[in-house]
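Summary of structural features
Letter by letter, the chains look like this.
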Amino acid sequence: MKKRYWLLAVGICLLLVGCSQGKGNGSSKLTLEPYDLSDKEEKVVAATGRGSMFFFTLDGTLAKDMDLERTIEVYEKGKLVSDEPFQYDEEAKKYKHSLNSFGMESSEKDLKIFNGSESTFITMDEDPIPEESGSSASSLLTEKVELKKDKPVYIYGMAISKNNGDSVSIGLEDGKPVGGFKKSDKAYIYKITLVDRKSD
């Protein structure tokens, strides 16, 4: 009889561990994948007058207790100075080839940052790129990637340097940004992270 009770206790513990590990990620299974525009789509985007745009698709299911957090990391001379989400509180839903976009457009007045999805289009204004500065933009999402809880997926980056853009490349190594952007004057790196939904 004692052996039966012991086996029952072990079974309950294993069940509780399994539930705790599954909590949060739950039924969320989401993937991001680069999207190549057709010739017709490229003409339509060009007609909008937007700057350099990168497109990608979102597929899968977002669980009710999970959220998609969209953030731009801002670096100044290699130091991270901002890492605040600009968009989250996504509705729990199923995504089927949901088209998203991210891009930047520079002018003498400012640097505009665009982020678009099926439901929203956000424009953010940053300080203009200084004169006689060079910039380098990189698409960091190069293949289909599954979102894992609390592990950011880096999508796009731009680095700015007064040295005519020398050594401002941005790449990924083990899923994290690397490259000469840490020597640049300023860099912007866009990422998406699957996180627990914040309670009201």
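The structure presented is a predicted model; accordingly, all values stated were derived computationally and were not measured. All residue numbers refer to positions counted from 1 along the written sequence of the respective chain. Residue-level local features of this predicted model are given only where pLDDT is at least 70; pairs of side-chain atoms are given and counted only at 80 or more, and the full residue set underlies all totals for whole chains, interfaces and linings. Only heavy atoms go into the side-chain values, all of them from the structure, while hydrogens and water stay out.

Some thoughts on the pattern of salt bridges
Here, a salt bridge means any side-chain nitrogen of Lys or Arg that lies within 4 Å of a carboxyl oxygen of Asp or Glu. A complete count under the given rule lists 10 salt bridges for this structure. For the salt bridge of aspartate 83 with lysine 191, the shortest nitrogen-to-oxygen distance reads 3.1 Å. With aspartate 83 in the loop between strand E4 (79–82) and strand E5 (85–87) and lysine 191 in strand E14 (residues 186–196), this residue pair connects regions lying 108 residues apart in the sequence. Salt-bridge contacts for aspartate 110 lead to lysine 112; the nearest nitrogen and oxygen are separated by 3.5 Å. Judged by its relative accessible area of 26%, lysine 112 is partly exposed. Numbering of helices and strands runs from the N terminus; a helix is a DSSP stretch of H or I covering at least four residues, while a strand is a stretch of E covering at least two. For every residue, the accessible area obtained with a 1.4 Å probe (protein chains only) is divided by the maximum for its type, and the residue is called buried under 20%, exposed over 50%, and partly exposed between those limits.

Examining the confidence of the model for the chain
The quantity called pLDDT is the predictor's confidence in a given residue, expressed from 0 to 100. Per-residue confidence for the chain gives a mean pLDDT of 80, with 80% of residues at or over 70. Only heavy atoms matter for contacts: two residues are in contact if any of them lie within 4.5 Å across the pair. Counting interchain partners and residues more than four positions distant, the pLDDT-below-50 stretch residues 1–25 has seven contacts.

A closer look at the layout of surface pockets
Detection works on a 1 Å grid of protein atoms alone, calling trapped sets that fit a 1.4 Å probe cavities and calling open sets with protein on both sides within 12 Å along at least five of seven lines pockets, with lining residues defined by an atom within 4 Å of a point. Grid points are joined across faces, edges and corners, and a volume is the space filled by probe spheres set on the points. When its volume is computed, the second largest pocket comes out at roughly 160 Å³. Taken together, Leu140, Leu141, Thr142, Glu143, Val145, Pro152, Val153, Tyr154, Leu172 and Gly175 form the lining of the second largest pocket. Across the lining of the second largest pocket, the residue classes break down as seven nonpolar, two polar and one charged. When residues are sorted by character, Ala, Val, Leu, Ile, Met, Phe, Trp, Tyr, Cys and Pro go into the nonpolar class, Asp, Glu, Lys and Arg into the charged class, and all the rest, Gly among them, into the polar class.

Brief notes about the packing of aromatic side chains
Aromatic rings from Phe, Tyr and Trp, with only the six-membered ring used for Trp, were paired whenever their centres fell within 6.5 Å, and each pair was classed as stacked if the ring planes differed by under 30 degrees, edge-to-face if by over 60, and tilted otherwise. Applying the stated rule across the entire model yields seven aromatic pairs. Where phenylalanine 54 meets phenylalanine 56, the ring centres are 6.2 Å apart and the plane angle is 25 degrees; that geometry is what we call stacked. Residue phenylalanine 54 is classed as buried on the basis of its relative accessible area, which comes to 10%. The structure contains a cluster of three or more aromatic residues connected by ring pairs, namely Phe54, Phe56, Phe86, Phe102, Tyr156 and Tyr190.

Some words on the side chain of threonine 193
Among the structural elements, threonine 193 can be located in strand E14. For threonine 193, the residues in contact, after removing those within four places along its chain, are Asp67, Leu68, Glu69, Asp150, Lys151 and Pro152.

A few points about the sheet that holds strand E8 (residues 121–126)
In space, the six strands of this open sheet follow the order E8-E7-E6-E2-E1-E10, with antiparallel pairing throughout. Of all the strands in the sheet, just E8 and strand E10 (145–146) have a single pairing partner and so form its edges. Note: strand E1 (residues 29–34) against strand E2 (residues 52–61), six bridges, orientation antiparallel. Looking at the pairing, leucine 32 lines up with leucine 58 of E2. Note on pairing: DSSP must find at least two bridges between two strands before they are called paired.

Section: the pairing of strand E6 (residues 94–106)
As paired elements, E2 and E6 share nine bridges and run antiparallel to each other. Along E6, the bridge assignment pairs threonine 61 with lysine 94. With six bridges connecting them, E6 and strand E7 (residues 111–116) associate as antiparallel partners. Its bridge partner being in E7, glycine 103 is matched across the sheet by phenylalanine 114. Once E6 ends, the chain turns through four residues before running back antiparallel as E7.

Here we look at the side chain of lysine 191
The class for lysine 191 is buried, based on a relative accessible area of 9%. A polar contact of 2.8 Å, which involves the side chain of lysine 191, links it to the side chain of glutamate 73. For lysine 191, the residues in contact, after removing those within four places along its chain, are Glu69, Arg70, Thr71, Glu73, Asp83, Pro152, Val153, Tyr154 and Ile155. Pairing of N or O atoms within 3.5 Å defines a polar contact, subject to two protein rules: one partner must be a possible hydrogen donor and the other a possible acceptor, and residues neighboring in sequence count only if both atoms are side-chain atoms.

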